[in-house]
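Architecture and fold: a report
Now for the letters of each chain:
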Amino acid sequence: TLAIIGASLWQYTTHNAKGVMADYGAANRAMEDGAFDLALAGFDRAVVIDSLFAPAHLGRGLALMNMNRMAEAETALNDALTLEPAFAAAFANRGILRDRVGRHEEALEDYINSLKLMPALGEGPGLLDRFLLDQQIGSLEAIIPPVLESFLVSRPRRSPRSFNHLLGILRRLFEWMVTQG
């Protein structure tokens with residue numbers, strides 16, 4: 001564990017010394033706001049500053065995926081994995097991309113690789129899951145309109161795109177609920 005922490009600290013210090021962290025941080029904030037074009041520009045700047053910084057390539061992949069530019073997104077995720085072959089988050093997100101474009105067997109392989117590298121990825125809750133846990137909502141029947149409205153209010157957004165991201169989370173919940181019968 002100390003070796004992993006030390007390596008992470010070394011990597012952060014190395015990349016921060018190159019000035020990449022400012023652009024990378026701004027790009028992540030843009031992603032959170034749903035401003036994917038701004039996020040992509042920030043991740044692109046980070047890659048120009050330090051082309052060996054795999055998280056910036058991952059960020060590019062996520063921004064491109066959210067912009068529905070799937071082929072470019074896969075290339076960026078592949079770049080992240082070339083730089084860091086044990087990058088669990090890159091495998092997980094490439095799996096999501098491959099799932100979305102109908103390449104389910106490849107997606108499953110990526111999901112398995114990500115879970116082998118970081119088993120906690122299978123346990124980590126998303127935004128809505130965390131909210132429901134915090135609110136002690138323990139059943140589907142308890143997810144009523146006021147709960148969903150509280151979720152939206154609890155996640156203030158500055159841009160319409162970011163708000164649309166939240167609506168997408170709810171849409172996926174409803175789609176999943178329909179498949180449950």
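Note that this is a predicted model, so its numbers are computed, not measured.

1. Notes on the overall build of the protein
- When helices and strands are counted, the protein shows 10 helices and zero strands.
- Ordered by position from N to C terminus, the α and β elements of the protein give α-α-α-α-α-α-α-α-α-α.
- Looking at the protein as a whole, 36% of its 181 residues qualify as buried.
- Intrachain contacts of the protein at a sequence separation of at least 6 include 47% that bridge at least 24 residues.
- In the form shown here, the protein has an accessible surface area of approximately 10800 Å², with 60% of it arising from carbon and sulfur atoms.

2. Let's talk about unusual backbone geometry
- The backbone of Asn 68 shows a phi angle near 60°, a positive value even though the residue is not glycine.
- Mapping Asn 68 onto the fold places it in the loop between helix H4 (54-66) and helix H5 (70-83).

3. Thoughts on the packing of helix H2 (residues 20-32) against helix H3 (residues 36-49)
- Relative orientation of the contacting elements H2 and H3 amounts to 160°, with a least axis distance of 8 Å. When the axis of H2 is compared with that of H3, the two are roughly antiparallel. Where H2 crosses over H3, the handedness of that crossing is left-handed. Mapping the contact onto sequence places Val 20, Asp 23, Tyr 24, Ala 27, Asn 28, Ala 30 and Met 31 in H2 and Phe 36, Leu 38, Ala 39, Gly 42, Phe 43, Arg 45, Ala 46 and Ile 49 in H3.
- Considering only residue class, the contact of H2 with H3 consists of 11 nonpolar, two polar and two charged.

4. Things to note about H2
- The terminal C-alpha atoms of H2, which comprises 13 residues, lie 19 Å apart, in line with the 18 Å expected from a rise of 1.5 Å per residue.
- When H2 is considered as a whole, its buried residues turn out to be Val 20, Met 21, Asp 23, Tyr 24, Gly 25, Ala 27, Ala 30 and Met 31.

5. Some remarks on the confidence of the model for the protein
- When the pLDDT values of the protein are averaged, the result is 81; 83% of them are 70 or greater.
- Per-element confidence in the protein is highest for H5, whose mean pLDDT is 97, and lowest for helix H1 (residues 2-17), whose mean pLDDT is 44.
- Here residues 1-13 is a poorly scored stretch, pLDDT under 50, and it has two contacts once near neighbours within four places are set aside; other chains count.

6. Side note on the packing of aromatic side chains
- The full count for this structure, using the stated rule, is two aromatic pairs.
- Ring centres 5.1 Å apart and planes at 75° place the aromatic pair Tyr 24 and Phe 53 in the edge-to-face group. Of this pair, Tyr 24 sits in helix H2 while Phe 53 sits in the loop between H3 and H4; the two residues are 29 residues apart in sequence, bridging distant segments of the chain.
- Classification of Phe 53 by relative accessible area gives buried; the value is 5%.

Reading guide: rules and limits
Residues numbered from 1 in each chain as written. Predicted model: local features only at pLDDT ≥ 70, side-chain atom pairs only at ≥ 80, totals over all residues. Heavy atoms only, no water. Helix = DSSP H or I, 4+ residues; strand = E, 2+ residues; numbered from the N terminus. Buried < 20%, exposed > 50% of the residue type's maximum accessible area, 1.4 Å probe, protein only. Contact = heavy atoms within 4.5 Å. Areas by Shrake-Rupley, 256 points an atom, 1.4 Å probe, with all protein chains shown as cover. Axes fitted to C-alpha atoms, helices over the stretch in contact; angles between N-to-C directions. Parallel < 35°, antiparallel > 145°, perpendicular 65-115°, else oblique. Left-handed = near helix turned anticlockwise from the far one by under 90°. Nonpolar A, V, L, I, M, F, W, Y, C, P; charged D, E, K, R; others polar. Expected span 1.5 Å × (residues − 1). pLDDT = per-residue confidence, 0-100. Phe/Tyr/Trp six-rings, centres within 6.5 Å; stacked < 30°, edge-to-face > 60°.

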